[in-house]
Amino acid sequence: MALNLNKNLKLYYSIKEVADMFGLNESTLRYWETEFPHLKPKTTGPNKVRQYAQKDIDQIRLIHNLVKVRGFKLAAARKIINANRDGSDRKAEVLTRLIDIKNELQTLKSQLDGLR
């Protein structure tokens, strides 16, 4: 059996790590938890420390895409998510992949410019 080096081995992320991933404040994530019923990270300990799994991060990516990137109000984003769950997820996934490809192409271009 081959070792998958690209596999993300971390199961849970702190609220600070997730906020940094998306360039958000921790308070924004807490607020989104109250506004979007599908976003429910695991809480542990007496202090209720939030632990975000990959499914929670995918949900945040979708919300971030609708609210911060596309400019929808929270109520509209909630309506879109509830009405078209699979389609919205797919669009956010495609957008993320396109951004990754753009970054890779820019890196290649800068490397080629350095060879000249």
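Residues numbered from 1 in each chain as written. Predicted model: local features only at pLDDT ≥ 70, side-chain atom pairs only at ≥ 80, totals over all residues. Heavy atoms only, no water.

**Student:** Describe the pattern of salt bridges, and please don't skip the residues or the numbers.
**Tutor:** Enumeration over the complete set of coordinates arrives at nine salt bridges. With a shortest N-O distance of 3.5 Å, Lys16 and Asp20 are connected by a salt bridge. Residue Lys16 and its partner Asp20 are located together in helix α1 (residues 15-22), separated by four residues, close to a single helical turn. A relative accessible area of 48% places Lys16 in the partly exposed class. (Salt bridge = Lys/Arg side-chain N within 4 Å of Asp/Glu carboxyl O. Helix = DSSP H or I, 4+ residues; strand = E, 2+ residues; numbered from the N terminus. Buried < 20%, exposed > 50% of the residue type's maximum accessible area, 1.4 Å probe, protein only.)

**Student:** I'd like a description of the side chain of Asn65, backed by residues and values.
**Tutor:** Mapping Asn65 onto the fold places it in helix α3 (residues 54-69). By relative accessible area, Asn65 is classed as buried at 5%. Setting aside residues up to four positions removed in sequence, Asn65 forms contacts with Arg70, Ala92 and Leu95. (Contact = heavy atoms within 4.5 Å.)

**Student:** With reference to specific residues and values, describe the packing of α3 against helix α4 (residues 74-83).
**Tutor:** Interaxial distance between α3 and α4 falls to 9 Å at its minimum, and their mutual angle equals 130°. Relative to α4, the element α3 lies oblique. In the crossing of α3 with α4, the sense of the turn from one axis to the other is right-handed. Residues Gln59, Leu62, Ile63, Leu66 and Val67 of α3 pack against Leu74, Ala77, Ile80 and Ile81 of α4. Partitioning the contact of α3 with α4 into residue classes produces eight nonpolar, one polar and no charged. (Axes fitted to C-alpha atoms, helices over the stretch in contact; angles between N-to-C directions. Parallel < 35°, antiparallel > 145°, perpendicular 65-115°, else oblique. Left-handed = near helix turned anticlockwise from the far one by under 90°. Nonpolar A, V, L, I, M, F, W, Y, C, P; charged D, E, K, R; others polar.)

**Student:** So what's going on with a nonpolar patch on the surface? Which residues, and what values?
**Tutor:** The grouping of Val94, Leu98, Ile101, Leu105 and Leu108 at the surface amounts to a nonpolar patch, some 430 Å² of accessible area in total. Along the chain, Leu108 falls in helix α5 (residues 85-115). Residue Leu108 is classed as partly exposed on the basis of its relative accessible area, which comes to 48%. (Patch = residues over 30% accessible without salt bridge, like charges linked within 9 Å, V, L, I, M, F, W, Y side chains within 5 Å. Areas by Shrake-Rupley, 256 points an atom, 1.4 Å probe, with all protein chains shown as cover.)

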